[in-house]
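Here is how the chains run, residue by residue.
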Amino acid sequence: MFCPVCNGIEDYQGCCISCGGNVTDCGRLSDYTSPYAPYEQIAEGQLSQLKTMESEATCCHIIYCSKCQTSKEVYLSRVSLSG
Ligand SMILES: [Zn+2]
Ligand SMILES: [Zn+2]
């Protein structure tokens with residue numbers, strides 16, 4: 001099982017739930033645990049809670065809407081290689 005977005009096979013195709021505009025995929029949530037992470041909206045307790053929601057079947061990404069200037073976490077389905 002792998003995430004097609006992490007592997008560069010697909011671009012994230014979602015849109016902002018607030019304005020419907022284009023959002024940017026900012027990468028995996030787990031990449032945002034470094035001290036230099038630009039994503040500051042999740043408190044540490046919530047972050048570990050979110051990480052437990054990540055599983056074999058899902059990959060948690062951060063998306064960012066430049067219009068609303070908000071970031072949000074989304075769960076992408078991992079796919080398995082066929083063929
Ligand atoms: Zn991913
Ligand atoms: Zn928006």
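Only a predicted model underlies this, so the values are computations on that prediction, with no experimental measurement involved. (Residues numbered from 1 in each chain as written. Chains lettered and ligands numbered in written order. Predicted model: local features only at pLDDT ≥ 70, side-chain atom pairs only at ≥ 80, totals over all residues.)

Caption draft 1: Fine view of the overall build of the protein. Counting its secondary structure elements, the protein contains 1 helix and 3 strands. For the protein, the sequential pattern of α-helices and β-strands runs β-α-β-β. Here the protein holds 83 residues, and 12% of them are scored as buried. (Helix = DSSP H or I, 4+ residues; strand = E, 2+ residues; numbered from the N terminus. Buried ≥ 20, exposed ≤ 12 C-beta atoms within 10 Å, placed from the backbone.)

Caption draft 2: Summary view of the confidence of the model for the protein. On average, residues of the protein score 79 in pLDDT, and 70% of them are at 70 or above. Mean pLDDT per element in the protein: helix α1 (residues 44–53) is the minimum at 59, and strand β2 (residues 58–65) is the maximum at 91. (pLDDT = per-residue confidence, 0-100.)

Caption draft 3: Main features of the sheet that holds strand β1 (residues 24–28). One open sheet accounts for 3 strands, arranged β1-β2-β3; its pairing is antiparallel. Strands at the two margins of the open sheet, each flanked by one partner only, are β1 and β3 (70–77). Each strand of the sheet is rotated relative to its neighbour by a mean of 35 degrees, with strand direction disregarded. Strand direction decides the pairing type here: β2 and β3, joined by 8 bridges, are antiparallel. Counterpart to Cys59 in the pairing with β3 is Leu76. (Pairing = 2+ DSSP bridges. Axes fitted to C-alpha atoms, helices over the stretch in contact; angles between N-to-C directions.)

Caption draft 4: Local environment of unusual backbone geometry. One non-glycine residue with positive phi stands out, namely Gln69, at about 55 degrees. Mapped onto the secondary structure, Gln69 falls in the loop between β2 and β3.

Caption draft 5: Seen up close, the environment of Ile62. Tracing the chain through its elements places Ile62 in strand β2. In sequence terms Ile62 and Lys72 are 10 residues apart; their C-alpha atoms lie 5.6 Å from each other.

Caption draft 6: Looking closely at the environment of Met1. Note on placement: Met1 falls in the segment before β1. A count of 12 C-beta atoms within 10 Å places Met1 in the exposed class. Residues Met1 and Glu56, spaced 55 residues apart in sequence, show a C-alpha to C-alpha distance of 6.9 Å. Those residues in contact with Met1, other than ones at most four positions away along the chain, are Glu56, Ala57, Arg78, Val79 and Ser80. (Contact = placed C-beta atoms within 7 Å.)

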